[in-house]
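# Reading the structure
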Amino acid sequence: MSFLEYRVKQAPTGIRKILYMNWPLVVLVTAVASVGFLMLYSIAGGNLDTWARPQMERFAVGMVLMFAVAMVPIWFWRSMAGVAYLVAFVLLLIVEFFGTVGMGAQRWIDLGFIRLQPSEMMKFTLVMVLAAYYDWLDPKRVSRPLYVLIPVLLIVTPTVLVLMQPNLGTSLMLILAGATVMFVAGVSLWYFGAVLALGISAIVGVFTLRGTPWQFLHDYQYKRIDTFLDPSADPLGAGYNIIQAKIALGSGGWSGKGFMQGTQSRLNFLPEKHTDFIFTTLAEEFGFVGAFSLLGLYALILGFCLVAALQNRDRFSSLLIIGVAANFFFYIAVNLSMVMGMAPVVGVPLPLLSYGGSAMMVLLVGFGLVQSAHVHRPR
Amino acid sequence: MKRTARDTEASNRTLNRRTLMLGGAMGAMVAVLGARMRYLQIDQADEFQLLAEENRINIRLIPPERGIIMDRNGKVIAGNEQNYRVVITREAAGDVDLVMRRLAAIIPMTAEEMQASIDEVKSLRAFVPVTVAERLTWEEFSKVAVNAPALPGVVPEVGQSRRYPLDTDFAHVVGYVGPVSEKDLEGLENPDPLLRIPKFQIGKIGVEKWMEDTLRGEAGTKRIEVNSAGRVMRELERQEGTPGLDIRLTIDADVQNFAQARLGSESAAVVVMDVTNGDIICCASSPSFDPNLFVRGISHADYAALTENDHRPLANKTVSGAYPPGSTFKMVTALAALEAGVATPETKVSCPGYIEFGERRFHCWKRSGHGTVRLGRSLSESCDVYYYEIAQKVGIDKIAEMGRRLGLGQRFDIPMSAITEGNMPDKAWKLERHKQEWRIGDTINASIGQGYVLTSPLQLAVMTARIASGRQIVPRLVRMVQDRELPVAEAPALDIAPEHLAAVRQGMYEVVNDEHGTAKSSRIVDPALVMAGKTGTSQVRNITKAEREAGVISNDQLPWNRRDHALFVGYAPYDNPRYAVSVVVEHGGGGSTAAAPIARDVILRALSDGLPPLDAYPSSQRGRIETMLKELPLRDPVTGKPPAPTET
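Residues numbered from 1 in each chain as written. Chains lettered and ligands numbered in written order. Predicted model: local features only at pLDDT ≥ 70, side-chain atom pairs only at ≥ 80, totals over all residues. Heavy atoms only, no water.

## Here we look at the overall build of chain B
Helix and strand counts for chain B come out as 25 helices and 23 strands. On C-alpha atoms alone, chain B measures out to a radius of gyration of 34 Å, which is more than a quarter above the 26 Å that the 2.2 N^0.38 rule sets for 648 residues. For chain B, the spread of C-alpha atoms along the three principal axes comes to 115 × 90 × 45 Å. Classification of the 648 residues of chain B by burial places 52% in the buried group. Across chain B, the fraction of contacts at a sequence separation of at least 24, relative to all contacts at a separation of at least 6, is 72%. For chain B, the exposed area adds up to about 29,400 Å²; of that, 49% sits on carbon and sulfur atoms. Chain B carries 79 positive and 83 negative side-chain charges, and their two centres are separated by 4 Å. (Helix = DSSP H or I, 4+ residues; strand = E, 2+ residues; numbered from the N terminus. Rg over C-alpha atoms; globule rule 2.2 N^0.38 Å. Buried < 20%, exposed > 50% of the residue type's maximum accessible area, 1.4 Å probe, protein only. Contact = heavy atoms within 4.5 Å. Areas by Shrake-Rupley, 256 points an atom, 1.4 Å probe, with all protein chains shown as cover. Lys, Arg positive; Asp, Glu negative; His and termini not counted. Charge placed at Lys NZ, Arg CZ, Asp CG, Glu CD.)

As structure tokens, this is what we get:
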């Protein structure tokens, strides 16, 4: 056994930790973010300062944060999980009552130098607290009702607060990511089956009783659901975005119209083209090849995360990595389904691509946690 | 709680198994997303490419046609006319400043208007069309169309715009429309998308405002294809909107025009009401203004002229003006006393020209007094002392109660703006409003419609209609909505003894037809059209003791705004009432000289098909009346055009 091999078996220390990070993941994340810079540059009509430069600056800050988080031992993060969750929860309560009203919804606290979005923080603190909980809990007890109820409450309480903001997209993400951690932790499939069955029967009930004297909702609430499910019923609102997004995507064809040549986005047909609908510009300018490559990059990131989770013998670390990956995955899935007209329009950004500082930084901090778990894994 | 190695092993196995399941699910979702990309970008690429490259789909709202407002016989009061206008869309124009400069060179447009339009275009979403010029002539419109290649994004359009052919006659009743303002949108939770169309016009006041929902209709949509320059290539799909509903008012436009002309330049109001069903036949307020000015956007100079005029042309005096009713209120006091049993029609009161109460002396308008007065003479000669005496016996609360029963002190639900409630004071009201006890002097003032009592011409007309019919008539302004006649419930009877009503009516008959009646010179001699009524003269100033001793200054010697208000209420025909009328002439002087003649002319106009018949007037007046009628600036009954200005 050489000296080198001997050292590998130990947890690395000091600056040498950088060598033991999951470098493919760092490279992939940077690659996807770079595609985003390119698109933002193109959408602004070749102007760097509009969106691309601020986004790059935030990415740089986010990367520094990611490295910093990665250097801190994972056991520190585990012990901080409960505190972090509580802090995020209190901040959520504060926005509920003192938040600045922006875009019609109370979402952030203005600290002067930065706008804090507690719902963003909650995404990963929730995952942390769930991972810590299942790490603490005897695996034999995970499916006992009481021990199922606790994580459910941990998920549902902040979700309700976020829903009240109102922020449908983020609350959906919280539920999905939380449920995924529970699933991977080994909670009996019966619970998931029961919730699914209940949900389906509730939906069926709501719709079959429509028009009868026993209907659950008011008529106008049904109408809102209708436009939500079928945007073409509202051709000037949600439907407009979807029609234009599909034209942008479809007209991209196999290889696209070329960088900075997209007409749909250039002519301002696309709303939210630099945020939620940024994928349409990519697909229009780089075609199926570009769009599919991006999907491939995303799949690789998810793959490396899952492998890292499988490699890791620490239960907290595995669950944390899965939670971050699940979050990442659901954002991608919901956003892409939405812009490709497969799902109703929910305001959900495309991770690493959409313009927006808060989401980007939080995501990179999340990857920092993944790296920390990877660097400090038991060997 | 230490875990054994085996437990850890088992739980790790579960975790790994579940992680792999999750990975599988993620993989499946990625595959679905990839398949969808393939479908959109490869299978359907041609179709979408065509849509994106050749044409662009755009969705525009089609504003519905606004409902028309007509008079009771179908004469158009508010209609729609073709409006040639030019709209611009930013996404198609490219360089908005350049295009606007070119446009300004061929159609009239000031630099400020141009800048305002540019700012508006830039502030809105790129595909929203913005109206930059309206009401162009056909020549200007054609110029824009011919120069289309140099004006990308500019589209000449034909739209509808509101027009009020009877302009000044219905300015107060019908009001006008104007562009939606921020204020209009405030407080609307889910505003109609139509309101987001720039410069979309909605009702601002009057019937136009209060029946906005009925008149507006629902927007249609059209999906259109525009080429890369933004020009409309073809319409893909069109969903017609629903036009607004037409409304027929109860007002007779010809009577309204006559009344408006008859009032002339006086600051005055006339209301005529059908006593059988409450239909408002005429509701004229003078001076008036041209609502078409507001539709086009009124100039500062024109607006200043309207607001600075001391005759207040913008105010709708028929429903917004609150005046002391003066002696026209005496029927209320009389009926209250009769109903309370403190007086009969035969009760005698001696009038020495004043009564003294404590320190104060309350005068009758006739300094020498009326001698012994019964109900009949108290009305026909308008003796004040009679009412001072009986009011003290009956008390203010019963008088106020009778006033309310006859329609005073309340707001009627008709679609007009700024309807006043007036004021029907009683003890509780004064305590609450002025934190003071009601005093007997207040009752004495109120008994002859002075002091705190305030009424609008509409309320006075309702009061008269109720006395004439003995029923609780409620005013009505809308007769039909889109060919559907609105039902009128028969008004329930007033809870007043018929003999008391008859005694008061008899008094009102004598006011106009007795040789000592205050309005005898305004009598109608045609036996089938006889009018009954009551004059009123209400003070707007206090007459000091010193002035009274020196002799009251006559109205002619006072500045206009210190003169008395002249009032008259009446109905006709006396034996089979059809119409009730109320007239208020602000600072017009005496009710018998300034208000009663107007009331007679207008009610005769309402009772006859054309101009008032001359033989209804006393023979000595016919010559004068004929000249007066001939000189009235009436509209042509068919075309609705005002008379050509006569050369002087």
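## Here's the deal with the nonpolar core
The tendency in soluble globular proteins is for nonpolar side chains to be buried as a group. Counting residues in each nonpolar core, the largest one holds 133 residues, and the members touching the most others are Val-173, Leu-249 and Val-504 of chain B. Considering every element that reaches this core, the biggest residue donor is helix 24 (residues 591–607) of chain B, with 9 residues. Residue contacts for Val-173 of chain B: discarding those within four places in its chain leaves Gly-206, Val-207, Leu-249, Ile-251, Gln-256, Cys-283, Pro-415, Met-416 and Leu-477 of chain B. Residues Phe-89, Phe-124, Ala-132 and Tyr-298 of chain A belong to the second largest nonpolar core, which totals 115 residues. (Core = buried A, V, L, I, M, F, W, Y, C linked by side-chain atoms within 4.5 Å.)

## Section: the pairing of strand 13 (residues 268–274) of chain B
Residues and elements named next belong to chain B. With respect to burial, strand 13 is a largely interior element, 7 of its 7 residues being buried. Side-chain alternation along strand 13 places Ala-268, Val-270, Val-272 and Asp-274 on one buried face and Ala-269, Val-271 and Met-273 on a second face that is also buried. When strand 13 meets strand 14 (residues 280–286), the two strands line up antiparallel, connected through 6 bridges. Each bridged residue has a counterpart across the sheet, and for Val-272 the counterpart in strand 14 is Cys-282. Taking the residues that link successive antiparallel strands as the turn, the strand 13-strand 14 hairpin has 5 residues, and the phi of Gly-278 there is positive, at about 85°. As paired elements, strand 13 and strand 23 (residues 579–585) share 7 bridges and run antiparallel to each other. Residue pairing across strands places Met-273 opposite Ala-580, the latter belonging to strand 23. (Pairing = 2+ DSSP bridges.)

## Topic: the confidence of the model for chain A
Looking at chain A, pLDDT values average 83 and 85% of them are 70 or higher. Confidence drops under a pLDDT of 50 for residues 1–8 of chain A, and excluding neighbours within four residues, the segment shows 3 contacts in the predicted structure. (pLDDT = per-residue confidence, 0-100.)

## A closer look at the interface of chain B and chain A
Interface size is commonly expressed as the accessible area that is lost once the parts come together. Counting residues at the interface gives 44 residues for chain B and 58 residues for chain A. Buried surface at the junction of chain B and chain A, summed over both partners, amounts to about 4,600 Å²; 71% is from carbon and sulfur atoms. Connecting chain B to chain A are 0 salt bridges. Here chain B and chain A share 5 residue pairs in polar contact (both at pLDDT 80 or more) between them. Contributing elements (two or more residues each) for the side of chain B that touches chain A: helix 1 (5–43), helix 2 (45–53), strand 1 (56–62), helix 3 (90–93) and strand 9 (220–226) of chain B. With 24 residues, helix 1 of chain B is the single largest residue contributor to the side of chain B that touches chain A. The class makeup of the residues in the side of chain B that touches chain A is 22 nonpolar, 10 polar and 12 charged. (Buried area = accessible area lost by both parts, 1.4 Å probe. Salt bridge = Lys/Arg side-chain N within 4 Å of Asp/Glu carboxyl O. Polar contact = N/O pair within 3.5 Å; in protein donor to acceptor, adjacent residues only side chain to side chain. Nonpolar A, V, L, I, M, F, W, Y, C, P; charged D, E, K, R; others polar.)

## A short note on the packing of helix 2 (residues 23–43) of chain A against helix 12 (residues 278–311) of chain A
All names here are of chain A. The N-to-C vectors of helix 2 and helix 12 enclose an angle of 165°; their axes lie 10 Å apart at closest approach. When the axis of helix 2 is compared with that of helix 12, the two are roughly antiparallel. You can see that helix 2 and helix 12 cross each other, and the crossing is left-handed. Touching Pro-24, Leu-25, Leu-28, Val-29, Val-32, Val-35, Gly-36, Met-39, Leu-40, Ser-42 and Ile-43 of helix 2 are Ile-278, Thr-281, Leu-282, Glu-285, Phe-286, Leu-294, Leu-297, Tyr-298, Leu-300, Ile-301, Phe-304 and Cys-305, all from helix 12. The residue makeup of the contact of helix 2 with helix 12, split by class, is 19 nonpolar, 3 polar and 1 charged. (Axes fitted to C-alpha atoms, helices over the stretch in contact; angles between N-to-C directions. Parallel < 35°, antiparallel > 145°, perpendicular 65-115°, else oblique. Left-handed = near helix turned anticlockwise from the far one by under 90°.)

## Quick word on the environment of Val-585 of chain B
Residues and elements named next belong to chain B. The topology assignment puts Val-585 in strand 23. A C-alpha to C-alpha distance of 34 Å links Val-585 and Leu-215, two positions 370 residues apart in sequence. Not counting residues within four places of it along the chain, the set of residues in contact with Val-585 comprises Glu-266, Ser-267, Ala-268, His-565, Ala-566, Ala-594, Ala-595 and Ile-598.

## Side note on the state of the cysteines
Think of a disulfide as a covalent bridge from one cysteine sulfur atom to another cysteine sulfur atom. All names here are of chain B. For the structure on display, the rule yields 0 disulfides over all chains. Of the cysteine sulfurs around Cys-283, a residue in no disulfide, the closest is that of Cys-282, at 7.1 Å. For the unlinked cysteine Cys-364, the closest cysteine sulfur is that of Cys-351, found at 4.1 Å. Owing to a relative accessible area of 3%, Cys-364 belongs among the buried residues under this scheme. (Disulfide = S-S within 2.5 Å.)

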